[in-house]
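Read off the chains here:
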Amino acid sequence: MNYQDFLQFVPQFISADLPAIEAHVKMAPLERIMSKPNYKDSLPRTAAVLMLCYPKNGNTHIVLIVRNEYEGVHSAQIAFPGGKFEETDIDFSVTALRETFEEVGIHPSKLEIIKTFTEVYIPPSNFVVYPFFGLCRDEIHFIPNPTEVAQIIELPITTLLNDYIVVETEIPISETSSIVLPAFQIDNHIVWGATAMMLSELKEVLKMTFNSKL
């Protein structure tokens, strides 16, 4: 989709209702759906991510990152730019902007947050993640932080809206066990878990927005 055409949908996008759990469960592991954890009882840590929309060659894209390998449950996973809330952050939107700058080199002054999405609880790391949708009006030259980011993935909006990228995949969770769960297949990358759940809600809001104009 042409980026200038996409920008014409922004007012409808901002006012669109969030499908929340209805969208999340489409891409959630079965264990997550069955357990329905009350994360407030676990005193979770907090984080925020930015679903950043921008033009590339005139067309609308969303950026994802491949995290570096490290000793942790999210090693080498695909995610939105983002990270932990710091005490110096005024709110979670500031966290999302700060972490985006730290991870992919886009200064907050070039970004505009236009919508808050539904938070997602991640049981393995005991984090609640607050997603924000933001815009950059100009073409972007990403500067990935080599200590955190192994690769940049630039996802066209039109690809996200196609159902053929939704697959079932088997993910190892230990040396002896694995789970089968829904995921997005983007080229040779598999996007699953919390990031897939956030992408699912974004996809549903985009579909509602575009259909409202038909």
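Refer to the structure above for everything that follows.
If you're wondering where the values come from, they're calculated on a predicted model, not measured in any experiment. Residue positions are given per chain, counting from 1 as you read along its sequence in written order. pLDDT decides what is reported in this predicted model: residues at 70 or higher carry local features, side-chain atom pairs at 80 or more are listed and counted, and totals for whole chains, interfaces and linings draw on all residues regardless. The side-chain quantities take in all heavy atoms of the structure and omit both hydrogens and water.

Participant: Could you give an account of the sheet that holds strand 9 (residues 166–172), naming the residues involved and the relevant values?
Facilitator: Backbone-to-backbone hydrogen bonds pair the strands of a sheet. The strands run either parallel or antiparallel. Taking strand neighbours across the sheet as the criterion, the 3 strands line up as 9-10-11 in an open arrangement whose pairing is antiparallel. With one partner strand each, in any of the chains shown, strand 9 and strand 11 (189–191) form the two edges of the open sheet. Strand-to-strand, the axes of this sheet are offset by a mean angle of 55°, without reference to chain direction. DSSP-based pairing: two strands are paired if at least 2 bridges between them are found. Secondary structure elements are taken from DSSP: a helix is a run of H or I of four residues or more, a strand is a run of E of two residues or more, and numbering for both begins at the N terminus. Two strands pair when backbone bridges link them, and strand 10 (residues 178–186) and strand 11 are joined in this way by 3 bridges, in the antiparallel orientation. Across the sheet, isoleucine 186 pairs through a bridge with histidine 189, a residue of strand 11. Here an axis means a line fitted to C-alpha atoms, over the contact stretch when the element is a helix, while the angle between two N-to-C directions is reported on a 0 to 180 degree scale.

Participant: I'd like a description of the nonpolar core, backed by residues and values.
Facilitator: Counting 43 residues, the largest nonpolar core has Phe6, Phe133, Leu135, Phe184, Leu199 and Leu202 as the members making the most contacts within it. Non-local contacts of phenylalanine 6, meaning those with residues more than four positions away in its chain, are made with Met1, Cys53, Thr60, Phe133, Leu135, Leu206 and Phe210. Throughout, nonpolar core names a set of buried Ala, Val, Leu, Ile, Met, Phe, Trp, Tyr and Cys residues whose side chains join them through atoms within 4.5 Å. Buried residues are those whose accessible area, probed at 1.4 Å on protein chains only, stays under 20% of the maximum for their type, while exposed residues exceed 50% and partly exposed ones sit between those limits. If you look at the next biggest cluster of nonpolar residues, it comprises 17 residues, including Leu50, Val104, Ile106 and Cys136. Contact definition: two residues touch when any of their heavy atoms are within 4.5 Å.

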